[in-house]
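Reading the structure
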Amino acid sequence: MAKPDLAIIPRHVAIIMDGNGRWANKRGLPRTLGHSKGVEAVRETVRAAGDAGVEYLTLFAFSSENWSRPETEVNDLLGLLRRFIRRDLAELHRENVRIRVIGDREGLKGDILPLLLEAEETTRDNTALTLVIAFNYGSRDEIVRAVKKLAVDVQAGFVQPDEINAGMISSRLDTADIPDPDLIIRTSGEERLSNFLLWQAAYSELLFIPDYWPDFDRNLFFDALKVFASRDRRFGGLTNNPTTAVVG
Ligand code: FPP
């Protein structure tokens, strides 16, 4: 199945990839194998999103809270991200995928930041799917950083306090030039946002599916798109607003 036959495709799908550890536990395997199987699901999902005509795919790869996991697991996750960028960058670039990274870049140690910057730089002019990797990302932290930038502009006299509006916050977030997600999917049966895109999710459709992330694939992604197409989005009004979704 190359492309789902749907009237409405979300412009932006964001995914909380959850359940790698439980997938491994269920099979008596080390958690790290759940994470590496999770990378295969990432590859398949990136391809499926591009094929479906989704413009932005955001993946929650590493949260600002994930540093509190045991050091070996943190190192495993960083190693997987490193390998993903080193091994897959050339192919993603060939497929015209643009990579963007959101999250706090301050204080990142070692080769991770240069690798993420290289991925962004190499693919910056690509025009197919934009793959947004949320790394060292926490939504409250992102909002705090945005508010600090705004406070500096207020202090400098560029903005008056009573002129502050939602757009001034949005334009200072890491996602400034990225549309809000139309659909947020979380795998593994957990039903919460866990500090992911809290500001941007104001009108997102939320979909919680029971499957663990390593089992996620093209079919489950297309099933999610079908559920999205059947939802009635009203944005606080009375009718569906068709301008936010791509018809194709
Ligand atoms: C949640 O599973 C998943 C993560 C914390 C990390 C997701 C990372 C990857 C899939 C690999 C690297 C990403 C990219 C973009 C190459 P969990 O460990 O919380 O599972 P559990 O809740 O079952 O313990």
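One can find the structure itself at the top, above this paragraph.
Below: a short report on this structure. Since the model is a prediction, treat every value here as computed from it, not as a measurement. (Residues numbered from 1 in each chain as written. Predicted model: local features only at pLDDT ≥ 70, side-chain atom pairs only at ≥ 80, totals over all residues. Heavy atoms only, no water.)

1. Observations concerning the sheet that holds strand β5 (residues 130-137)
The strand order across the open sheet formed by six strands is β4-β5-β3-β2-β6-β7, and the pairing between neighbours is parallel. This sheet does not close on itself; its edge strands, each paired only once, are β4 (98-102) and β7 (205-208). Put simply, the sheet's adjacent strands are angled 20° from each other on average, direction ignored. (Pairing = 2+ DSSP bridges. Helix = DSSP H or I, 4+ residues; strand = E, 2+ residues; numbered from the N terminus. Axes fitted to C-alpha atoms, helices over the stretch in contact; angles between N-to-C directions.)

2. Considerations on the packing of aromatic side chains
Evaluation of the coordinates by the stated rule reveals 10 aromatic pairs. Aromatic pair Trp-67 and Phe-135: ring centres 6.5 Å apart, planes at 80°, arrangement edge-to-face. Of this pair, Trp-67 sits in the loop between β3 (56-63) and α3 (71-94) while Phe-135 sits in strand β5, and the two are 68 residues apart along the sequence. Assessed through its relative accessible area of 38%, Trp-67 is described here as partly exposed. Overall, Phe-135 belongs to the buried group, its relative accessible area being 3%. Centroid distance Tyr-137 to Phe-196: 6.2 Å. Interplanar angle 85°. Geometry classified as edge-to-face. Within this pair, whereas Tyr-137 is found in strand β5, its partner Phe-196 is found in the loop between β6 (183-186) and β7, the two being separated by 59 residues in sequence. By relative accessible area, Tyr-137 is classed as buried at 0%. Here Phe-196 falls in the buried class, since its relative accessible area comes to 0%. The structure contains a cluster of three or more aromatic residues connected by ring pairs, namely Trp-213, Phe-216, Phe-221 and Phe-222. (Phe/Tyr/Trp six-rings, centres within 6.5 Å; stacked < 30°, edge-to-face > 60°. Buried < 20%, exposed > 50% of the residue type's maximum accessible area, 1.4 Å probe, protein only.)

Read these as spatial facts, not as claims about activity.
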